[in-house]
Amino acid sequence: MEILSDLQNGECGKITYNSSSPFEIHHILCKLESIVKHPVFGILTLPEKGSGPFPCVVACHGSRGWVEHHQEHMNNWLKAGIAVFRIHSFESRNVISIVEDQMSVTYAMMLCDSFEALKLLYTHPKIDSRKIAISGWSLGGTVALYSAWSPISETLAPNGERFAAHLPIYPAAHIRPDVQCWENAPIKILHGDIDDYTPLNLVYGLIDVTKECADVEVIVYENSHHSFDSKEPLTWSPNAIKLDERTVQIDSDGNMWGEIEKGLRIPLNEPFERKIAFQYAMNFGAHFGGNEITRKRVMEDSKNYLIELFNF
């Protein structure tokens, strides 16, 4: 892989590498070869102690970009001896937030960023390629979750690079593939019971349809809204585009569609189709904010899961 930074092998810091910007998973599966490559960047941070090779977490931000509580998780991982590669998918595309449009940067784009980062890290002398996990929050949690779906990983990493584990934190779990083929890697979802932005019922629905072919578990935190691991007070965001019980299907040919109402299906492959779906569904308004009890628990849970996973 071509690395476009000035860093020497073994160093950490900002690394620029090539990725691409497919709008939807449909474009990953069906049109990836026609999509132009462009640079994105991430920041690799190694633990202060030890000489490596280190286990590593590829970290993906949410719809607001990088915020304080994301960094707290990453600091905990670093103190535990785990390297972190923090992907800057928004800044790489000159975007600040997508809470109110969910269009400027998509999970499909971030999936490309994540797999290109994985391939880069596989060659890094300070990283143990057998121990690279992926984690993310909200939008980034969706990336961490569906990077375990084999048609995506086989397309974006045809030479066999795979994440050793997936740690999605309050992801949008609304995508339902017809092809139920998942990687042989554990998926641990951390979710709040009263999340009205990316509802918990979608996680349970995904587990129901994948239980025979994917290793998926969920830890549910009581009395916890979206962003339960933050220090922010509970707030209502009236223009946030949220999910409900409706799902997005992907058929065996890579085409996406949704049932807007019973018996009424619309395609969801292209940007204008997503806009139509938003206008029809009118799903706006959600709560965001921390829960101090949950916050303390999840900081320990995310760290301990990785420690146990990497056996150190």
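Residues numbered from 1 in each chain as written. Predicted model: local features only at pLDDT ≥ 70, side-chain atom pairs only at ≥ 80, totals over all residues. Heavy atoms only, no water.

Peer 1: Tell me about the pairing of strand 8 (residues 187–192), residues and numbers included.
Peer 2: Across the six residues of strand 8, six count as buried, placing the element largely inside the fold. Sheet topology places strand 6 (residues 165–169) next to strand 8; two bridges connect them, and they run parallel. Bridge pairing in strand 8 places histidine 166 opposite isoleucine 187. Both strand 8 and strand 9 (residues 216–221) contribute to a ladder of six bridges, which runs parallel. Within strand 9, the position partnered with isoleucine 187 by the bridge is valine 216. On the question of chirality, the crossover connecting strand 8 to the parallel strand 9 by way of helix 6 (residues 200–210) is right-handed. (Buried < 20%, exposed > 50% of the residue type's maximum accessible area, 1.4 Å probe, protein only. Helix = DSSP H or I, 4+ residues; strand = E, 2+ residues; numbered from the N terminus. Pairing = 2+ DSSP bridges. Right-handed = clockwise from strand over helix to strand, strands pointing away.)

Peer 1: Give me the lowdown on the sheet that holds strand 2 (residues 37–45), citing residues and values where you can.
Peer 2: Within a sheet, each strand pairs with its neighbour through backbone hydrogen bonds, oriented either parallel or antiparallel. Here eight strands make up an open sheet; going across it, the order is 1-2-4-3-5-6-8-9 and the pairing mixed. Where the open sheet ends on each side, the last strands, each with one partner, are strand 1 (13–20) and strand 9. Strand-to-strand twist across the sheet, computed as the mean angle between neighbouring axes with direction ignored, equals 25°. As judged from the four bridges shared by strand 2 and strand 4 (residues 83–87), these two strands associate in the antiparallel manner. Among the inter-strand pairings, leucine 44 is bridged to a residue of strand 4, identified as phenylalanine 85. Helix-sheet contacts for helix 6 involve strand 8 and strand 9, and the interaxial angle to strand 9 is about 160°. (Axes fitted to C-alpha atoms, helices over the stretch in contact; angles between N-to-C directions. Contact = heavy atoms within 4.5 Å.)

Peer 1: Explain the pattern of salt bridges to me, using residue names and the numbers behind them.
Peer 2: In total, this model carries 13 salt bridges according to the counting rule given. For aspartate 128, the salt bridge goes to arginine 130, with nearest N and O atoms at 2.9 Å. Arginine 162 serves as the salt-bridge partner of glutamate 183, at 3.3 Å between the closest nitrogen and oxygen. Of the two residues, glutamate 183 is situated in the loop between strand 7 (175–177) and strand 8 and arginine 162 in the loop between helix 5 (150–156) and strand 6; the sequence distance between them amounts to 21 residues. Several salt bridges converge on common partners, so that one network encompasses Lys37, Glu116 and Lys119. (Salt bridge = Lys/Arg side-chain N within 4 Å of Asp/Glu carboxyl O.)

Peer 1: Explain the sheet that holds strand 13 (residues 264–267) to me, and be specific about the residues and the numbers.
Peer 2: Overall, mixed pairing links the four strands, which are arranged 7-11-12-13 in an open sheet. One side of each edge strand has no neighbouring strand; the edge strands of this open sheet are strand 7 and strand 13. Shown here is a sheet whose adjacent strand axes are inclined to one another by a mean of 30°, direction ignored.

Peer 1: Describe helix 3 (residues 107–122), naming the residues involved and giving the relevant values.
Peer 2: Between its first and last C-alpha, helix 3 extends 22 Å over 16 residues, near the 22 Å set by a 1.5 Å rise per residue. Counting buried positions along helix 3 yields 15 of 16 residues, so the element is predominantly enclosed. (Expected span 1.5 Å × (residues − 1).)

Peer 1: Could you give an account of helix 7 (residues 271–281), naming the residues involved and the relevant values?
Peer 2: Among all positions in helix 7, only Glu273, Arg274 and Ala277 are buried. Projection of helix 7 onto a plane perpendicular to its axis shows the buried side chains occupying an angular sector of 100°, all on one side. Opposite the buried face of helix 7, at more than 90 degrees from it, the exposed residues are Phe272 and Gln279. (Arc of directions from axis to C-beta.)

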